[in-house]
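Next come the chains, spelled out residue by residue.
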Amino acid sequence: MTTSNHTFLRALLKQPIEYTPIWMMRQAGRYLPEYNETRARAGDFLTLCKTPALATEVTLQPLDRFPLDAAILFSDILTIPDAMGLGLYFAQGEGPMFERPLRDEKSISALKVPDPGEDLRYVMDAVAQIRKALNGRVPLIGFSGSPFTLACYMVEGRGGTDFREIKTMLYNRPELLHQILEKNTQAVTAYLNAQIDSGAQAVMIFDTWGGVLSHTAYREFSLEYMRQIVANLRRECNGERIPNIVFTKGGGLWLKTIADIGCDAIGLDWTIDIGEARRQVGEQVALQGNLDPSVLFSSPQVIVKEVEKILTSFGNGSGHVFNLGHGISQFTSPEHAAALVEAVHSMSRRFHAAS
């Protein structure tokens with residue numbers, strides 16, 4: 001099945017394009033009334049994730065509303081620890097929780113790497129259904145959490161923590177954390193490759209919590225494991241190149257070392273100037289980002305100005321996928337998201353005139 005809009009994939013590979021492509025992290029989500037209607041019909045968030053027809057429906061909703069340049073699989077980063085048997089559930093108003101967090105040697109040793117074709121079949125079915133439903137409109141992005149970010153939830157037992165449990169393990173019993181990270185790395189590699197086999201045309205690793213680590217701990221406990229994943233990802237499927245993106249929130253201090261692991265693109269949060277990031281990585285990788293999601297709470301006129309700042313800072317040529325620096329807020333007006341997409345598409349063409 002051919003894709004009619006290759007702009008996103010070409011930008012990740014730094015090939016000539018006519019305009020800067022855009023998609024938004026968490027683009028299928030609670031800021032859209034149609035998503036809330038589908039989620040209510042599903043009954044709860046996990047049922048929505050685990051029902052391929054519903055996951056397909058919400059994945060396509062933002063594409064029906066905005067002329068985005070990529071779709072991203074609707075799922076959750078915690079599908080892997082859920083498949084490992086940690087008892088994932090979502091408490092009302094409290095986010096994800098685990099019934100059986102990893103706190104001792106026995107539970108860590110018993111941890112099994114899930115088979116994506118069996119234990120996570122619903123995700124692969126969703127990828128295949130979404131790819132078919134897209135019918136070549138835009139490319140489909142698959143994703144996973146990074147080994148360290150998954151470990152944060154698995155050890156803490158919940159989100160929104162001060163990382164006391166996992167950092168205590170990191171410094172007191174680093175060998176235990178390495179055991180978890182090794183199993184997570186096997187799981188993430190198999191999971192992403194299975195998504196590629198099922199139809200994903202690019203994959204992204206979300207290292208949401210890597211930025212909470214110290215300089216040396218980041219390299220040892222997060223980056224090294226993402227390097228192993230990138231080294232073992234499928235780079236081609238059905239004759240098409242499959243680019244990969246690594247995103248460490250708070251990772252602006254480590255851009256060159258991230259680029260050196262062999263990824264195709266680095267996701268940026270809003271705390272670093274994208275022009276400075278480009279100077280640091282040169283032609284080594286593409287960059288994705290990096291508008292502060294809170295800009296979307298302002299007026300459309302301000303959104304246009306902030307878009308222009310980022311496009312101007314990146315400068316001429318390919319290698320930039322426009323995105324937010326993190327997920328879009330549930331309180332964002334869809335009209336403001338539309339203004340963002342329009343601004344990127346219309347204002348970026350002059351930066352590609354010589355491509």
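Residues numbered from 1 in each chain as written. Predicted model: local features only at pLDDT ≥ 70, side-chain atom pairs only at ≥ 80, totals over all residues. Heavy atoms only, no water.

Visitor: Can you walk me through the overall build of the protein in this structure?
Guide: Looking only at helices and strands, the protein features 15 helices and 11 strands. Rg of the C-alpha trace for the protein: 19 Å, near the compact-globule value of 20 Å for 355 residues, within the 12% margin. The principal-axis extents of the C-alpha atoms in the protein amount to approximately 60 × 45 × 45 Å. In the protein, 73% of the contacts between residues at least 6 apart in sequence involve partners at least 24 apart. Computing the positive centroid from 34 side-chain charges and the negative centroid from 39, the protein places the two 2 Å apart. (Helix = DSSP H or I, 4+ residues; strand = E, 2+ residues; numbered from the N terminus. Rg over C-alpha atoms; globule rule 2.2 N^0.38 Å. Contact = heavy atoms within 4.5 Å. Lys, Arg positive; Asp, Glu negative; His and termini not counted. Charge placed at Lys NZ, Arg CZ, Asp CG, Glu CD.)

Visitor: What is the right way to read the side chain of histidine 336 from this model?
Guide: One can find histidine 336 in helix α15 (residues 334–347). Side-chain polar atoms of histidine 336 contact the backbone oxygen of leucine 296, separated by 2.8 Å. (Polar contact = N/O pair within 3.5 Å; in protein donor to acceptor, adjacent residues only side chain to side chain.)

Visitor: Sorry if this is basic, but what is going on with the pattern of salt bridges here?
Guide: When the charged atoms of two side chains lie near each other, side chains of opposite charge can form a pair. Per the stated rule, a full pass over the model turns up 19 salt bridges. A salt bridge links glutamate 224 to arginine 227; the nearest nitrogen and oxygen atoms lie 2.8 Å apart. Separated by 3 residues within a single helix, glutamate 224 and arginine 227 lie in helix α11 (residues 215–232), roughly one turn from each other. Relative accessible area serves as the criterion here: at 29%, glutamate 224 is assigned to the partly exposed category. For aspartate 260, the salt bridge identified is with lysine 256, shortest N-O distance 3.1 Å. Given the relative accessible area of 48%, aspartate 260 is considered partly exposed. One network of salt bridges, in which partners are shared, links Glu37, Arg41 and Glu57. (Salt bridge = Lys/Arg side-chain N within 4 Å of Asp/Glu carboxyl O. Buried < 20%, exposed > 50% of the residue type's maximum accessible area, 1.4 Å probe, protein only.)

Visitor: Help me understand the environment of leucine 12 in this model?
Guide: The topology assignment puts leucine 12 in helix α1 (residues 7–12). It is 23 Å that separates the C-alpha atoms of leucine 12 and lysine 132, two residues lying 120 residues apart in sequence. Contact partners of leucine 12, with chain neighbours within four places excluded, come to Ala202, Pro243, Ile245, Asp264, Ala265, Ala286 and Val321.

Visitor: Hey, could you run me through the state of the cysteines in this one?
Guide: What we call a disulfide is simply a covalent bond connecting the sulfur atoms of a pair of cysteines. One pass over the structure, following the stated rule, counts 0 disulfides. No disulfide involves cysteine 152; its nearest neighbouring cysteine sulfur is the one of cysteine 49, lying 20 Å away. You can call cysteine 152 buried: its relative accessible area is 2%. (Disulfide = S-S within 2.5 Å.)

Visitor: What is the right way to read the nonpolar core from this model?
Guide: The nonpolar side chains of a soluble globular protein tend to be buried with one another. In this structure, Phe8, Ile266 and Leu340 are the most contacted members of the largest nonpolar core, which totals 129 residues. With 10 residues, helix α10 (residues 174–198) is the largest single contributor of residues to this core. (Core = buried A, V, L, I, M, F, W, Y, C linked by side-chain atoms within 4.5 Å.)

Visitor: What is the right way to look at unusual backbone geometry in this model?
Guide: Glycine aside, the phi torsion of most residues is negative, and most peptide linkages are trans. The omega torsion of the bond from glycine 289 to asparagine 290 falls at -5 degrees, within 30 degrees of zero and hence cis. Tracing the backbone through its elements, the reader meets asparagine 290 in strand β10 (residues 286–291). Phi at arginine 26 is positive, roughly 65 degrees, even though this residue is not glycine. One can find arginine 26 in the loop between α1 and α2 (33–42).

Visitor: Looking at this structure, I do not really get the sheet that holds strand β8 (residues 244–248). What am I missing?
Guide: Two orientations exist for strands paired in a sheet by backbone hydrogen bonds: parallel and antiparallel. Pairing is parallel in the open sheet, where 7 strands are placed in the order β1-β4-β5-β8-β9-β10-β11. Because the sheet does not close on itself, it has two edges, and the strands there are β1 (71–72) and β11 (320–324). Relative to β11, β10 runs parallel, the two being bridged by 5 bridges. Directly across from leucine 287, in β11, lies its bridge partner histidine 320. (Pairing = 2+ DSSP bridges.)

Visitor: Just checking my understanding: could you explain α10 for this structure?
Guide: Note that an α-helix has 3.6 residues per turn; residues three or four places apart therefore point the same way. Look at α10: 36 Å from first C-alpha to last across 25 residues, which is about the 36 Å you get at 1.5 Å a residue. Taken across its 25 residues, α10 has 18 buried, putting it largely inside the fold. Just downstream of α10 lies glycine 199, where phi reads positive at about 135 degrees. (Expected span 1.5 Å × (residues − 1).)

Visitor: Is there a simple way to think about helix α7 (residues 121–134) in this case?
Guide: Here α7 is 14 residues long and its end C-alpha atoms lie 20 Å apart, about the 20 Å a rise of 1.5 Å per residue gives. Among the residues of α7, Tyr122, Val123, Met124, Ala126, Val127, Ile130, Arg131 and Leu134 are the ones counted as buried. If you follow the buried residues of α7, they end up packed against α3 (45–50), α4 (52–65), β1, α5 (79–83), β4 (140–145) and α10. Positive phi shows up at asparagine 135, right after α7, with a value of about 50 degrees.

Visitor: Would you mind showing me how to read the packing of aromatic side chains here?
Guide: Here the distance between the centres and the angle between the planes together describe a pair of aromatic rings. Counting across every chain of the model gives 7 aromatic pairs. When the ring of tyrosine 35 is compared with that of phenylalanine 74, the centres are 5.7 Å apart and the planes differ by 55 degrees; the resulting orientation is tilted. Of this pair, tyrosine 35 sits in helix α2 while phenylalanine 74 is found in the loop between β1 and α5, placing the two residues 39 residues apart along the sequence. Exposure remark for tyrosine 35: the relative accessible area of 2% places this residue in the buried category. (Phe/Tyr/Trp six-rings, centres within 6.5 Å; stacked < 30°, edge-to-face > 60°.)

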